[in-house]
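Coordinate inspection notes
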Amino acid sequence: MKSSITRRQFLKASTVGSLSLGSLGCSALRPALASVPAEHPKVGEHQIYFGDLHNHNEVGYARGSLERAFEIAREHLDFFAFTPHGYWNDIGHYENNIERKWLDGFEVTKRRWPEVLAMVRKYDEPGRYVPIAGFEWHSTHLGDYHILLPTPDAEYVRFDDLRQFQRFAKQHRAIMIPHHPANRLGHRGANLAMRDPDVSPVIEIFSEWGNAEHDRASSPYVRHTEGGRWTQNTLHHFLSQGHRFGVIASTDDHLGFPGGYREGLAAVLASELTREAIFDAIRDRRTYALTGDRIAVDFRLNGQLMGREMPYARRRELAVTVTGWDQIDRVEILKNNRVLHRDFPMDRTPAARSWDDPVLLRFEYGWGPWPALDMTRICDWDITITVDGGVLESVQPCFQSGPLDETRRDKILERSDKHLRVRSFTALRQQFEDISTKAVVLKMRGGPQTSVTVTLREPTTVSLTQTFRQLARSNEMLFTGDFPKESAMLHRLVFGDHYHTSYEVTDTDDGKDLNWYYLRVVQANNQYAWSSPIWVEPRAATPVI
């Protein structure tokens, strides 16, 4: 029989030297369980790759150099589509002549398009990193799209008519993705009546604009001028009206920082890391949307992957496997936009055997003097994290877009199974959602005696050492000096019980109507994931004789 203890007993066992974990039935450290993913998690015959399919820089009218964006993307993403602002077919004349911002930006894109293609070719490295060419098309009345072009020899074009644009996309096997769909129709909200599923198999439901799942979802539309979310242009309404598409997220960042943390990421289930395989996954709707943490999601119905359309079956076996990068608050299966089932991993009580699986440790840095003090300096960080008595298995970087700086880079300089060295920078300016911190999350194997030491070379020489035993009980701070100097934190450990879940749920339906199912994952740190839906057709009507 497996040992099971309360959280109080677990913490006591971790802190009292005379009571060993072995006495509580804890076995020796084992190899990684198959259910715990590597850095490229597997879903059946596919791997999960993470990228940003919608991002801006100075080519157009945003900020940040072209090459800097491609360099940043290569450091921490699997794929990246640069999508400069390209055209606005029904732009008007606005207060203070602000339309010049867009019109001048379009000319920059036209002039520098050859540079964009040259950069795609320069950084193309199939199997390691895949850059993609694209551009954005605005429309007041039809909504905004960005087009992804399948070759680095793509043409930059301008169309006044959406149907012409869609025909161009079809001829060139390109993909057009509607984004920030939840704006009001007529105010750059998506007009899905005009969507061509052949070229627009997915839509972008999350970006720095906010969350388009429904009009009362987390992350409302507050960062732009066009108002909040319109109920009739949200994911829930589109699905209830019979639209069928996969979902992705991307940043729509305007500081030239692809993959900015908390701004949106796209996940694809692909056979390999090539442009062709990524395009195939998007066309097949083997995609899901993320806000920041690279949560691994495997959601199936009767063995079929997300994005599928299935014939009627009365009995539906819904299989869920989720592995997060923080404590998972809840995993929800939704049927026809209503929660069918909830799982709460964070409510589980760790047992002695919990030490057998890897633990997560987040090191977050960048707290500092707030803007009211007029001290919006940039702080440079040189961080080394070493593990004694354990093994570092994998790392997730959580680097955000601000502050804009052409010369600095957030970068993992060194990594082994015993240490990690990171160079980074933070400031309380240009940050997303007024959060100045960045982070790295370490997945490690060890036990209560395993120790972690954080050593800073910059902004000052200081170190902090904590054991897993201590970090199972409490987080700990690292201060670089007296107030108001910058500070950092080692978060509390997250055990596998809390960041991983796998289960099955059975649903039955009489088949009178079309049904759709999708998965929503919510971590305790407010990072989300949403699967593409799976549709089950209604039961065929019995012919009248």
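Things to note about the overall build of the chain
- Scanning the chain from terminus to terminus reveals eight helices and 32 strands.
- In summary, the chain has a C-alpha radius of gyration of 24 Å against a globular reference of 24 Å for 545 residues, a match within 12%.
- Counting only C-alpha atoms, the chain reaches 75 × 75 × 40 Å along its principal axes.
- When burial is assessed residue by residue, the chain has 59% of its 545 residues classed as buried.
- Pairs at least 24 apart in sequence give 72% of the contacts found in the chain among residues at least 6 apart.
- Total accessible area computed for the chain in this model is approximately 22000 Å², and 48% of it derives from carbon and sulfur atoms.
- Across the chain, the 67 positively charged side chains and the 71 negatively charged ones have centroids separated by 4 Å.

Some words on the packing of aromatic side chains
- Scanning the entire structure with this criterion turns up 24 aromatic pairs.
- Site record: aromatic cluster; members linked through ring pairs are Trp113, Phe135, Trp137, Tyr145, Tyr156, Phe159, Phe165 and Phe168.
- Here Lys438 stacks its cationic end above the ring of Phe425, 3.9 Å away from the centre of that ring.

Some points on the sheet that holds strand E29 (residues 500-508)
- What the four strands build is an open sheet, ordered E14-E13-E16-E29; its pairing is antiparallel. Bordering the open sheet on either side are strand E14 (304-305) and E29, each of which pairs with just one other strand.
- Pairing of strand E16 (residues 315-323) with E29, which is carried by nine bridges, proceeds in the antiparallel orientation. Across the sheet, Arg315 pairs through a bridge with Thr508, a residue of E29.

A look at the layout of surface pockets
- Taken as a whole, the largest pocket holds about 760 Å³ of empty space.
- Breaking the lining of the largest pocket down by element, the ones donating at least two residues are helix H1 (7-15), strand E19 (359-367) and strand E24 (438-445).
- Counting residues per element, the lining of the largest pocket draws most heavily on E19, at four residues.
- Approximately 620 Å³ is the volume found for the second largest pocket.
- Together, 25 residues line the second largest pocket, and Glu39, Glu75, His76, Arg294 and Val395 are the ones closest to its centre.
- Mapped by element, the contributors of at least two residues to the lining of the second largest pocket are helix H2 (66-76), strand E21 (391-398) and strand E22 (411-415).

Structural notes on the sheet that holds strand E27 (residues 476-479)
- In space, the five strands of this open sheet follow the order E21-E24-E19-E28-E27, with antiparallel pairing throughout. Single-partner strands in this sheet number two, and they are E21 and E27. Across the sheet, the axes of successive neighbouring strands diverge by a mean angle of 20°, strand direction being ignored.
- As paired strands, E21 and E24 are joined by seven bridges and run antiparallel to one another. In the sheet register, Cys398 faces E24, and the bridge partner there is Ala439.

Considerations on the pairing of strand E17 (residues 328-335)
- Across the eight residues that make up E17, a large majority, six, are buried.
- Note: E17 against strand E30 (residues 515-523), seven bridges, orientation antiparallel. Looking at E30, one finds that Val331 is bridged to Val521.
- Strand direction decides the pairing type here: E17 and strand E18 (residues 338-343), joined by five bridges, are antiparallel. Bridge pairing in E18 links Lys335 to Arg338.
- Following E17, the chain reverses through two residues before pairing antiparallel with E18; Asn336 in that reversal takes a positive phi of roughly 50°.

Quick look at the pattern of salt bridges
- Taken as a whole and assessed by the stated rule, the structure comprises 42 salt bridges.
- Between Glu58 and Arg112 there is a salt bridge, with its nearest N and O atoms 3.3 Å apart. You can see Glu58 sitting in the loop between strand E2 (46-52) and H2 and its partner Arg112 sitting in helix H3 (residues 99-123), a full 54 residues away along the chain.
- Judged by its relative accessible area of 16%, Arg112 falls in the buried class.
- Salt-bridge contacts for Asp382 lead to Arg457; the nearest nitrogen and oxygen are separated by 3.7 Å. Note that Asp382 is positioned in strand E20 (residues 379-388) and Arg457 in strand E25 (residues 451-458), a separation of 75 residues in sequence.
- Asp382 sits in the buried class, given a relative accessible area of 3%.
- Judged by relative accessible area, which is 47%, Arg457 ranks as partly exposed.

About the criteria used
Residues numbered from 1 in each chain as written. Predicted model: local features only at pLDDT ≥ 70, side-chain atom pairs only at ≥ 80, totals over all residues. Heavy atoms only, no water. Helix = DSSP H or I, 4+ residues; strand = E, 2+ residues; numbered from the N terminus. Rg over C-alpha atoms; globule rule 2.2 N^0.38 Å. Buried < 20%, exposed > 50% of the residue type's maximum accessible area, 1.4 Å probe, protein only. Contact = heavy atoms within 4.5 Å. Areas by Shrake-Rupley, 256 points an atom, 1.4 Å probe, with all protein chains shown as cover. Lys, Arg positive; Asp, Glu negative; His and termini not counted. Charge placed at Lys NZ, Arg CZ, Asp CG, Glu CD. Phe/Tyr/Trp six-rings, centres within 6.5 Å; stacked < 30°, edge-to-face > 60°. Lys NZ or Arg CZ within 6 Å of the ring centre and 35° of its normal. Pairing = 2+ DSSP bridges. 1 Å grid on protein atoms, 1.4 Å probe; cavity = no way out; pocket = protein on both sides within 12 Å on 5 of 7 lines; lining within 4 Å. Points joined across faces, edges and corners; volume = space filled by probe spheres on them. Axes fitted to C-alpha atoms, helices over the stretch in contact; angles between N-to-C directions. Salt bridge = Lys/Arg side-chain N within 4 Å of Asp/Glu carboxyl O.

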